[in-house]
Amino acid sequence: RTPISAIRGAAETLADLGDEDGAMSARLTSMILSHAERLEEMIRDLLDLSRLESPDLRVSEDTVDIEEMAGALRSMFEHACARRELTLEFELDPAAVRVTTDGRLLFVVLRNLIENATRFAFEGTSVLVLARLVDDGSVVVDGGARATMRVEVVDRGVGIPIAQQERVFERYYQVEAARTGTGSIGSGSAGGGGRGSGLGLSIVKHAVRALDGAVGVQSTLGEGSTFWVEVPVTLGGPGTEPDQPAGA
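Predicted model, so just to flag it, every value in this text is computed and none were measured.

Under the criterion given, the structure shown has two cavities of 30 Å³ or more. Volume-wise, the second largest cavity comes out at about 70 Å³. Lining the second largest cavity are I66, M69, A70, L73, F90, L92, L106, L110, V129, A131, M149 and V151. Looking at which element gives the most residues to the lining of the second largest cavity, the answer is helix α3 (residues 66–76), with four residues. Considering only residue class, the lining of the second largest cavity consists of twelve nonpolar, no polar and no charged.

What the rule picks out here adds up to one aromatic pair. Between F169 and F227 the ring centres are 6.0 Å apart and the planes differ by 80°, which places this aromatic pair in the edge-to-face class. Of this pair, F169 sits in the loop between α6 (162–165) and α7 (200–210) while F227 sits in strand β8 (residues 224–235); the two residues are 58 residues apart in sequence, bridging distant segments of the chain.

Turning our attention to the nonpolar core. Counting residues in each nonpolar core, the largest one holds 48 residues, and the members touching the most others are L73, L88, L113, I114, M149, V168 and F227. Of all the secondary-structure elements, those providing two or more residues to this core are α3, β2 (87–92), α5 (103–120), β4 (126–133), β6 (144–155), α7 and β8. Per element, the largest residue contribution to this core is nine residues, and it comes from α5. Those residues in contact with L88 that sit more than four places away from it in its chain are L73, R74, F77, C81, I114, V127 and V129.

Counting across every chain of the model gives five salt bridges. Between R98 and D65 there is a salt bridge, with the nearest N and O atoms lying 3.9 Å from each other. Here R98 is found in strand β3 (residues 98–101), whereas its partner D65 is found in strand β1 (residues 62–65), with 33 residues between them in sequence. Using a relative accessible area of 18% as the deciding quantity, one classes D65 as buried.

Let us now look at the side chain of D155. Among the secondary structure elements, D155 is positioned in strand β6. Buried charge without a salt bridge: D155, with R156 as the nearest opposite-charge side chain at an N-O distance of 8.3 Å. At 3.3 Å, the side chain of D155 forms a polar contact with the backbone nitrogen of G157. Excluding anything up to four places from it in sequence, D155 contacts A117, F120, A121, S126, E223, G224 and S225.

Three- or four-residue spacings in an α-helix give side chains the same orientation, since the helix completes a turn every 3.6 residues. An ideal rise of 1.5 Å per residue puts 26 Å on 18 residues; α5 measures up with 26 Å between its terminal C-alpha atoms. α5 sits mainly inside the fold: 17 of its 18 residues count as buried. At the N-terminal boundary of α5, the capping side chain belongs to D102, with an oxygen 3.1 Å from the backbone nitrogen of R104.

Now for the packing of α5 against α7. Taken N-terminus to C-terminus, the directions of α5 and α7 make an angle of 150°; their axes are 9 Å apart at the nearest point. Judged on the interaxial angle alone, α7 and α5 are roughly antiparallel. Considering the relative orientation of α5 and α7, their crossing is left-handed. Only G200, L201, I203, V204, A207, V208 and A210 of α7 make contact with α5, whose side of the interface consists of L105, V108, V109, N112, L113 and N116. Tallied by class, residues from the contact of α5 with α7 come to ten nonpolar, three polar and no charged.

Cut-offs applied
- Residues numbered from 1 in each chain as written.
- Predicted model: local features only at pLDDT ≥ 70, side-chain atom pairs only at ≥ 80, totals over all residues.
- Heavy atoms only, no water.
- 1 Å grid on protein atoms, 1.4 Å probe; cavity = no way out; pocket = protein on both sides within 12 Å on 5 of 7 lines; lining within 4 Å.
- Points joined across faces, edges and corners; volume = space filled by probe spheres on them.
- Helix = DSSP H or I, 4+ residues; strand = E, 2+ residues; numbered from the N terminus.
- Nonpolar A, V, L, I, M, F, W, Y, C, P; charged D, E, K, R; others polar.
- Phe/Tyr/Trp six-rings, centres within 6.5 Å; stacked < 30°, edge-to-face > 60°.
- Core = buried A, V, L, I, M, F, W, Y, C linked by side-chain atoms within 4.5 Å.
- Buried < 20%, exposed > 50% of the residue type's maximum accessible area, 1.4 Å probe, protein only.
- Contact = heavy atoms within 4.5 Å.
- Salt bridge = Lys/Arg side-chain N within 4 Å of Asp/Glu carboxyl O.
- Lys, Arg positive; Asp, Glu negative; His and termini not counted.
- Polar contact = N/O pair within 3.5 Å; in protein donor to acceptor, adjacent residues only side chain to side chain.
- Expected span 1.5 Å × (residues − 1).
- Axes fitted to C-alpha atoms, helices over the stretch in contact; angles between N-to-C directions.
- Parallel < 35°, antiparallel > 145°, perpendicular 65-115°, else oblique.
- Left-handed = near helix turned anticlockwise from the far one by under 90°.

Given below as structure tokens:
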């Protein structure tokens, strides 16, 4: 309800102002846009979580080009990174560039982890996405070698207190930046990306579970966090053409 109330209040004030105060009108218009974007994000996350929790969820086997997915993610976060002077970098193991898994679910995982990193990274730093295989793919199933792909999203930012690290994947749970001792969200130095819906990491947990994988976090307070996922993939196995990534 918060973004709806903010939009309504700003719109009512804007209507009362008329053409009397151009600077205030511009500020209120910006506020409406910001809260509308947040509301859109909340609806998207609720829909994603609803689909992931559905007993009818179907996990597909797609031939996924990780480099193409990285390109789509770069485009998606170009504005957010520019706003906070962040650099989004990818380091991809050549052996893990083309795999068979559910491309839509993998995209949802990466989108939410990168979004989380861009919110809590210090301004002017880099968000690094690494993808590599953590086994040799020696098990062959249906003509394809089964392996485990590990993806890490690393930020240099506010970090997460040890006591809260086990809870970050709970729905609606948000780490309060003010409790970290590095500043409050929106301060411009830490957590300047603003508050999210509180569902992103819960969505990651459910998507990774659907992929029969694992997820975790390693974080140092005041230095940054590394969120990691490990999912089973097939190398060189049969697969359909990749679906258009969600949100691309």
